[in-house]
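# Coordinate analysis (summary)
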Amino acid sequence: MMAAIFFAAVLLLSVESTRVSGRQASNLQRNALPQVFQVDDIPHSLNVSSCPGYTLSGLEETRTGLTAHLNLAGAVCNAFGKDVGDLTLEVTYDSETRLHVNIFDTANSHFTVPESVVSLPSVPQTIHKNDSDLVFNYEPSPFAFWVTRRSEPDAQPLFDTRKSSLPMTPIPPVIATDNSTALDGFPIVFEDQYLQLTSALPLDANVYGLGEVVASSGFRRDAGTNGGTGTIQTMWARDDADPIDRNIYGSHPIYMEHRFDSSTHTSQSHGVFLYSASGSDILLLTPPSSNVSLIEYRLLGGTLDFYFFSGPSPQKVVEQYGELVGLPTWQPAFGFGFHLCRWGYLNLNDTKDQVVKMREANIPLEVMWNDIDLYHAFRDFTSDPVSFPAAEMKTFIDELHYIPIVDAAVAHQVNATDIYDPYTRGAELDVFIKNPNGTEYIGQVWPGYTVFPDWFAKDTQQYWTEALRNWSQSGIDFSGVWLDMNEASSFCEGSCGTDANLSNTSPPFLLPGDPGMPITDYPEGYNSTISGPSGNITVNGTLTFGADGSTSSSLSKRGIGAGRQTGINLNVPPYTIHNGFGPLSVHTIATNATHAGDFVELDVHNMWGLMEEKATHLALLKIQPKKRPFLISRSTFPSTGKWSGHWLGDNFSKWQYMYFSIQGVLQFQLFQIPMVGADTCGFQGNTDEELCNRWMQLSAFVPFYRNHNQRGALSQEPYRWDSVANATRTAIAVRYALLPYWYTLFANSSLFGAPPVRALFFEFPDEPELFAVDRQYLIGRDVLVTPVLTPNVSTVDGIFPGRGLVTWRDWYTHDVVNASIGTNTTLPAPLGHINVHVRDGSAILLHSKPAYTIEETRQGPFSLLVSQAADGYAFGTAYVDDGETVPPTPNATLTFKARKGALSIDTHGSFKIAQKLDTITILGTEKPTRVSVDGKVVKSWQYLDTKQKLSIGDLSVDLNGAVSIAWN
């Protein structure tokens, strides 16, 4: 669902009146920054050049690290707030691979993330001061610190705040259009409304993470070199339709840096995580003529609470981050199926019709979804009694998996005769966010005036569980829940419903598809004026692509610098982060809204989505105690993966956005939210046949696979075009065959934090030509995906990692790829074909007979694909359980090991595997004269010399014990 597309109309009404937080004394608006900004009678220079930094004293060694006092080293500067004179430094060697450096106000008055929201590991009992991979170093006056590897004490530090390591200041704006990128100095600044800390980075550092964002630079972030402008990543959750290079739904202040040593031709990775919910800017810049790049943190509050992860591989960094914030939740097997949704299935018959037509087209459909069309008067936890009658919904849902939407805002009762239990029960339990004066905070969303659950209130979990249980029992017996609008989004600014006419329940704008709001946009190269509205690849035998001579996208990168551009609304806090909407209270809950525990929205805003996800996950466990909750949510924060998956928001039906979806999936592997995917074929605007064909194939090879589009747009279910239907059937057959592999990758994610989807350099870290590749990716370590991401082509370029030392085989034909070394290889890619290749040294358990549903597929037999390396080696594992029970639950792990002429299968665990292994395919072997299984000769085998392929069929191998296969 989207709201942001309508924001322009709302913004015109709202930008002239900006509400500010309870800690802010005045309501200020400027067209340009004044030289002196005054709040609470304290002048602020808006310049850190005179800030003195801090001096370290009172150092004490502890069992696990050290503590010290940090005192202001000179006169206060009050650049963007009141200087805090007394700080505490705590350094803890949490483990051999994790270092914790926390700088906080000694009075403990600054906001920190409560333990009730994110539960981090307890203080370590083991001493790691002398065996940690990381070493904390410091200078006492002015205080600065740097982090090095114990094995490389003289190498460039991983993180370095010393003035001597940074460029000379002052530096004019590094981004010419944005005065806020002027670098006046690099002291540590710790004020009540502004914190700053800067670290040097290697020139043109390979930095990944810092999101959520649709980055024009790709998965590798722009450090401001080689023609780039640099990066300003703002952490402020925002409902906007996938803008490029701006803050959007989630906040993740973690990055991974990957360093290549040109002298040894080896690489190491490390991670840096700022544990903060504060609104902030994180800048990646390279000043002119500088021999270093830098990262600068600018926060509106909180503390400087850093965690460092030593890696040294990309995968280890991701796993170490997961050990801190929590490992991903276990996914139910059905979640890996194909999901279908749209805003615009107006009634149950319309929804049923999609299920019927998908079955008629023999396109597997696992999960059916409904958007807000389901609701009565757009109200949460309801179904419309006419268009979606509850009794008929219950019958319909009994036939398949079903997921409904839950929006963040709960409709306010219109009057005393308005019976709406989710509001009245919430008011009774006192669980809604309030204004500073204690009255209900009333915003405006789809049902009209609304309230918002306060996740800090003591009875909110009970309230949320009751609401979901009552809904389920009313007939909406969901298999999972879709959480939307949870930044949280509000269509008006401030508590606009206070003293308003609550009976006005109409949205304050036209809905897409209504008269006056037609959907006229199409993918790049398609002109509906010339080719008509069908979206077909050809019309009357004429190719529609480029019919008007235009093949480029109308979307472009925005100019960074909204924080200080003329005409942008500036309000306290005195430092204005680069929020895409300008004032922080626009299109969301106002920053002065109050929560139980005396928290204010300014401090907790970025966590609203996470807290809803946690509450929903726990509610589903209460409602269905033995079943794994399946959640997909929009707004995310560190540790969301413990509770939910994520979809990449309100994207566009553009080729550009299909490409962007890959970086989005890769970002969220780093963020430990691996169940992620885009709205396939695009949400906003009209898709066309060719784009949907390619996108349906691409999304079959990402974790979350859903087709979803907006109201009033061209229908894009995969059965709508024959070519798309054929492409989808082919791709889903491969996806369902690979389900044991996907399932195992996600088990390893839940157990160890290993990312299921990987950038190529994750597996091949010493090949610099891979560091910026984000048009290809790996599923696990063994499956390489090379999608077509541009229109009107029949080939695709892709690089094959390994520099000639790895053999890659085509998934479909099993042919060895004759790949160029270290550069692109051109591959045939006719419409309907997505290139997939298998790495040598792999052993992959498959479903040999993909069926219509996940359960039918899981009940069928297994097959095994072994792609041997040159020396005969291959290895793989498979995790098996019932696919739905919350762990701990009976499970089994199969291990496959191959060498020349032999393959062993070992199984450990208590889960009984009913399905047999019926086929084994071994690639890269010589022709045998004899094949045996557990010593018994097998006759049903074939050998294809041109592919070095041995196929052993008609087996019925029990996988509950040890198995040996031999050929010679």
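Residues numbered from 1 in each chain as written. Predicted model: local features only at pLDDT ≥ 70, side-chain atom pairs only at ≥ 80, totals over all residues. Heavy atoms only, no water.

Before going further, it helps to spend a moment on the overall build of the protein. A count of helices and strands for the protein gives 15 helices and 52 strands. Taking 30 Å as the expected radius of gyration for a compact globule of 968 residues, we find that the protein reaches 28 Å, a close match to that expectation. Counting every position in the protein, which comprises 968 residues, the buried fraction comes to 64%. The long-range share in the protein, meaning contacts at least 24 apart out of those at least 6 apart in sequence, stands at 72%. Accessible surface for the protein amounts to roughly 33,000 Å². Of this, 51% is attributable to carbon and sulfur atoms. Each charge sign in the protein was given a centre, from 64 positive and 100 negative side chains, and these centres are 7 Å apart. (Helix = DSSP H or I, 4+ residues; strand = E, 2+ residues; numbered from the N terminus. Rg over C-alpha atoms; globule rule 2.2 N^0.38 Å. Buried < 20%, exposed > 50% of the residue type's maximum accessible area, 1.4 Å probe, protein only. Contact = heavy atoms within 4.5 Å. Areas by Shrake-Rupley, 256 points an atom, 1.4 Å probe, with all protein chains shown as cover. Lys, Arg positive; Asp, Glu negative; His and termini not counted. Charge placed at Lys NZ, Arg CZ, Asp CG, Glu CD.)

Right, let's get into the packing of helix α5 (residues 421-429) against helix α6 (residues 460-473). Two elements in contact, α5 and α6, have axes whose closest approach is 10 Å; the angle formed by their N-to-C orientations is 160°. Relative to α6, the element α5 is oriented roughly antiparallel. The element α5 and its partner α6 pack so that their crossing is right-handed. Each of D421, P422, R425, G426 and L429 in α5 lies in contact with α6, whose residues at this interface are Q462, Y463, E466 and N470. Split by residue class, the contact of α5 with α6 holds three nonpolar, three polar and three charged. (Axes fitted to C-alpha atoms, helices over the stretch in contact; angles between N-to-C directions. Parallel < 35°, antiparallel > 145°, perpendicular 65-115°, else oblique. Left-handed = near helix turned anticlockwise from the far one by under 90°. Nonpolar A, V, L, I, M, F, W, Y, C, P; charged D, E, K, R; others polar.)

Let us look at helix α4 (residues 390-397). Residues of α4 that are buried: M393, F396 and I397. Down the axis of α4, the buried set is contained in an arc of 90°. They therefore lie on one face. Looking at α4, the residues exposed on the side facing more than 90 degrees away from the buried face are A391 and T395. The elements touched by buried residues of α4 are α3 (348-360), β20 (367-370) and β21 (401-407). (Arc of directions from axis to C-beta.)

Moving on: empty space enclosed by the protein. The final tally for this structure, using the stated rule, is nine cavities of 30 Å³ or more. Of the pockets and cavities examined, the largest cavity occupies roughly 130 Å³. Considered class by class, the residues forming the lining of the largest cavity number eight nonpolar, five polar and two charged. (1 Å grid on protein atoms, 1.4 Å probe; cavity = no way out; pocket = protein on both sides within 12 Å on 5 of 7 lines; lining within 4 Å. Points joined across faces, edges and corners; volume = space filled by probe spheres on them.)

Looking at the element boundaries, Q320 is found in helix α2 (residues 314-325). A polar contact is formed between the side chain of Q320 and the backbone nitrogen of S310, at a distance of 3.3 Å. Setting aside residues up to four positions removed in sequence, Q320 forms contacts with T97, F309, S310 and G311. (Polar contact = N/O pair within 3.5 Å; in protein donor to acceptor, adjacent residues only side chain to side chain.)

Attention now moves to helix α12 (residues 722-737). Taking 1.5 Å per residue, 16 residues should reach 22 Å; α12 reaches 23 Å between its end C-alpha atoms and fits that length. Buried within α12 are the following residues: V724, A725, A727, T728, A731, I732, V734, R735, Y736 and A737. Looking at the buried residues of α12, the elements they touch are β19 (338-340), α11 (689-699), β34 (705-707), α13 (739-752), β42 (842-847) and α15 (854-859). (Expected span 1.5 Å × (residues − 1).)

Attention now moves to the state of the cysteines. Under the definition given, this model contains three disulfides. The disulfide that involves C51 links it to C77, with 2.0 Å between the sulfurs. Handedness here is read from the sign of the S-S torsion; for C51 and C77, about 80°, the answer is right-handed. With C51 in the loop between β2 (42-44) and β3 (54-61) and C77 in the loop between β4 (65-72) and β5 (86-93), this pair connects stretches of sequence that are 26 residues apart. The residues C51 and C77 share a single accessibility class, namely buried. For C681, the disulfide goes to C692, at an S-S distance of 2.1 Å. The disulfide joining C681 to C692 has a torsion of about 80° about its S-S bond and is therefore right-handed. (Disulfide = S-S within 2.5 Å.)

Aromatic ring pairs are defined here through the distance separating the ring centres and the angle between the ring planes. The full count for this structure, using the stated rule, is 57 aromatic pairs. Measuring from centroid to centroid gives 6.2 Å for F306 and F308, while their planes differ by 20°, and the two rings are stacked. Accessibility classification places F306 together with F308 in one group, the buried group. A ring pair is formed by F456 and F599, whose centres lie 4.5 Å apart and whose planes are at 50°; its orientation type is tilted. (Phe/Tyr/Trp six-rings, centres within 6.5 Å; stacked < 30°, edge-to-face > 60°.)

A few words now on the pairing of strand β17 (residues 292-299). Working note: regular strand, side chains alternate between the two faces of the sheet. The element β17 is extensively covered by neighbouring structure, given that eight of its eight residues are classed as buried. Alternating positions in β17 separate into two faces, V292, L294, E296 and R298 on one and S293, I295, Y297 and L299 on the other, with burial throughout. The sheet contact formed by strand β16 (residues 280-285) and β17 spans six bridges and is antiparallel. Bridge pairing in β17 links L285 to L294. Connecting β16 to the next strand, β17, in antiparallel fashion are six residues, including S289 with a positive phi near 65°. (Pairing = 2+ DSSP bridges.)

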